[in-house]
Amino acid sequence: MHDSIFTKIIKREIPAEIVFEDADLMVIKDINPLAPIHLLIFPKKQITTLNDLTIEDSNIISKIILTATKIAKELKVDEKGYRLIMNCNSDGGQTVPHIHCHLLAGRKLKLEA
Ligand code: 5GP
């Protein structure tokens, strides 16, 4: 499997604005923000799509959501609200083949499909 853009960011082969990192995951600012706050939370384990998740990945998926909600609280957008999005494959709008969760906040978001 080739390294994804996000794996290259984890390996410091390409730059990114890193917001948080631990042994399991990384949080960066999206290079093309769609809202005043647009972060990407992804596991260090390169999992290509949501379809590839197994029961062994339960902890990391849980950790991705809990990290997103923790950051939303730290950024004080938890009361006004925010959106978490995970896209899968082409119809879902996935462009980076490494699962990730978008955290969008800072403006009123419309429901778009
Ligand atoms: P997807 O469309 O796969 O759900 O989301 C991928 C996201 O990654 C997009 O919002 C895109 O702007 C972002 N992205 C793609 N390449 C890079 C990069 O090299 N650096 C950063 N920070 N974000 C990226």
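Values in this document were obtained by computation on a predicted structure and should not be read as measured data.

A. Structural view of the sheet that holds strand β3 (residues 37-43). The antiparallel open sheet is built from five strands, whose spatial order is β1-β2-β3-β5-β4. If you trace the sheet from one side to the other, it starts and ends with β1 (18-21) and β4 (82-85), each paired once. If you compare each strand with its neighbour and ignore which way they point, the axes differ by 15° on average. Of the strand pairs in this sheet, strand β2 (residues 25-29) and β3 are connected by five bridges, and their pairing is antiparallel. The partner of Lys29 across the bridge, within β3, is Leu39. Sheet strands touched by helix α2 (residues 58-74): β1, β2, β3, β4 and β5 (101-105). Its angle to β2, the strand with the most contacts, is close to 40°.

B. Main features of the state of the cysteines. All chains considered together, the criterion is met by zero disulfides. We note that Cys88 lacks a disulfide partner, and the nearest cysteine sulfur, in Cys101, lies 14 Å from it. Taking relative accessible area as the criterion, Cys88 reaches 23% and is therefore assigned partly exposed. On the accessibility criterion, Cys101 (1% relative accessible area) is buried.

C. Structural view of unusual backbone geometry. At Arg12, a position not held by glycine, the phi torsion is positive, near 60°. Within the fold, Arg12 resides in the loop between α1 (5-10) and β1. Looking at Arg12, the relative accessible area reads 49%, which means it is partly exposed. Positive phi values are uncommon outside glycine, yet Asn89 reaches one of about 60°.

D. Structural context of the site of the ligand. In the region of the ligand, 16 residues are neighbours, and Asp30, Asn87, Gly93, Thr95 and His102 sit closest. Interatomic distance of 2.5 Å between a side-chain N/O atom of Asp30 and an oxygen atom of the ligand. Asn87 has a polar side-chain atom sitting 2.8 Å from an oxygen atom of the ligand. When the ligand is considered free in solution it has 510 Å² of accessible area, and contact with the protein chains removes 84% of it. At the level of elements, α1 and β2 are the ones that each hand at least two residues to the shell around the ligand. Here the element with the most residues in the shell around the ligand is α1; it accounts for three residues. Across the shell around the ligand, the residue classes tally to seven nonpolar, seven polar and two charged.

Thresholds applied
- Residues numbered from 1 in each chain as written.
- Predicted model: local features only at pLDDT ≥ 70, side-chain atom pairs only at ≥ 80, totals over all residues.
- Heavy atoms only, no water.
- Pairing = 2+ DSSP bridges.
- Helix = DSSP H or I, 4+ residues; strand = E, 2+ residues; numbered from the N terminus.
- Axes fitted to C-alpha atoms, helices over the stretch in contact; angles between N-to-C directions.
- Contact = heavy atoms within 4.5 Å.
- Disulfide = S-S within 2.5 Å.
- Buried < 20%, exposed > 50% of the residue type's maximum accessible area, 1.4 Å probe, protein only.
- Near = heavy atom within 4 Å.
- Polar contact = N/O pair within 3.5 Å; in protein donor to acceptor, adjacent residues only side chain to side chain.
- Areas by Shrake-Rupley, 256 points an atom, 1.4 Å probe, with all protein chains shown as cover.
- Nonpolar A, V, L, I, M, F, W, Y, C, P; charged D, E, K, R; others polar.

These figures come from the coordinates and say nothing about function on their own.
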